[in-house]
Amino acid sequence: MVAVGLSKIVIVSVNVIFMIFGLAILVVGVIFKAGWDDVRNAFDDKATQVDFDLQAAGDAAGVSAITFGSIILIVALLGCAGACCQNRCLLGTYAVIVLLVVIGQIAVVALVATKGKDAEDNLKEALEDTLKDYNETSNTDISKSWSAIFHIGDCCAVTDYKVDFKTNPFKMDVKLRNEAGITGKLMPITCCRGVDYENELSKKIFEDKKECLNNPSSTNAYTKGCYTTIKDWINDNRKVIIGVGVAVLIFELILSALAFFLCHRANDD
C-alpha cells in the first residue's frame, strides 16, 4: 500500500539524518570532554554554602553527549533496518526505544529548567573562588585551567581584570618581569593575545608582550571577563538549542507512530 511505502521512506530518510545528527553529537561530546578536562579545575567551587557541583555538571555534560549520540546512532540503524525489512521485532523495539528516549529528554529538560538558575548563580562565585590561586606561569592545575579559559574564550579574569586582580592579585613571575622591564601589574601575561600558555615562559616572551602588560587594550590583550563570555555564549545559543530539541522531539514522536503503524501492518500481512 501507498501508506506503507511512504512510511518506510519517511522512517529510513529521517533516520539517516538522525544517524548524521547522532554522529555529530558524539563528536561534539568527545571534543567537549577533551576540552573540559583542560579547564574543569577552574570550576572547583570551594564555598561550603554552594550545593550545585559545577565540575560534576561539566563532567556529566560531556559523558551525556557521548552517550546520547551513541544511542541515536544505534537506534537510527535499528529503525532503518526495521523499516527496510518491515520486521515486527525490530520496528516494535525501535518504537519503544524512541518513546523511552523522548521521556528521557523531557526529564533532562525538566532538570535543566529547575537547576539551570542554580548553575548560573553559582558560576560567578566558583570562578572568583578559584581565581584567587592563579599563577601566570600556569604551574598548577587550577592555573593551567584558567589559562586555557583565557585562551579559548578570548577573555581575562572573571568580570573585569582591573577589579578582579586588584581584589585578588595573581602570582607573578617577578624575575622575568623585572628582566624584561615590565612595570605593569594589571594582568597576567596569559591574558595577552598570542601567548601560548602551554609553553614555558621566557624573558623574550615578556619582552614581546611588554606593551600588553604595561598598557593593556582590546587590540593586544583579552579584556572581556570570562564570566560574561560564558553567559553570552549560553544566552546566544539557548534559543538554537531549544529549537533543535523541540524539532527532534516532534520527529521522534512521528517516527515512533510510523514504526507502530508499520509493525501493525506487518502483523496484518
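Everything numeric here is computed off the predicted structure, so don't read it as measured data.

So, the overall build of the protein chain
When its secondary structure is counted, the protein chain shows nine helices and zero strands. When the helices and strands of the protein chain are listed from N to C terminus, the series reads α-α-α-α-α-α-α-α-α. When the 269 residues of the protein chain are sorted by exposure, 39% land in the buried category. Entry remark: accessible area of the protein chain is about 14,500 Å², with carbon and sulfur atoms responsible for 64%.

Things to note about the state of the cysteines
Evaluation of the coordinates by the stated rule reveals three disulfides. Two residues share a disulfide in this structure: Cys 155 and Cys 226, whose sulfurs sit 2.1 Å from each other. One disulfide, between Cys 155 and Cys 226, carries an S-S torsion of 95° and so falls in the right-handed class. Placement of Cys 155 in the loop between α4 (141-153) and α5 (161-167) and of Cys 226 in helix α9 (residues 226-268) is noted, with a sequence separation of 71 residues between them.

Section: unusual backbone geometry
Keep in mind that most residues, glycine aside, have a negative phi and that most peptide bonds are trans. A positive phi is found at Ser 138, a non-glycine position, where the angle reads about 55°. Structurally, Ser 138 can be placed in the loop between α3 (88-131) and α4. Take Ser 138: its relative accessible area is 12%, and that puts it in the buried class.

Here is what the cut-offs are and how they apply
- Residues numbered from 1 in each chain as written.
- Predicted model: local features only at pLDDT ≥ 70, side-chain atom pairs only at ≥ 80, totals over all residues.
- Heavy atoms only, no water.
- Helix = DSSP H or I, 4+ residues; strand = E, 2+ residues; numbered from the N terminus.
- Buried < 20%, exposed > 50% of the residue type's maximum accessible area, 1.4 Å probe, protein only.
- Areas by Shrake-Rupley, 256 points an atom, 1.4 Å probe, with all protein chains shown as cover.
- Disulfide = S-S within 2.5 Å.

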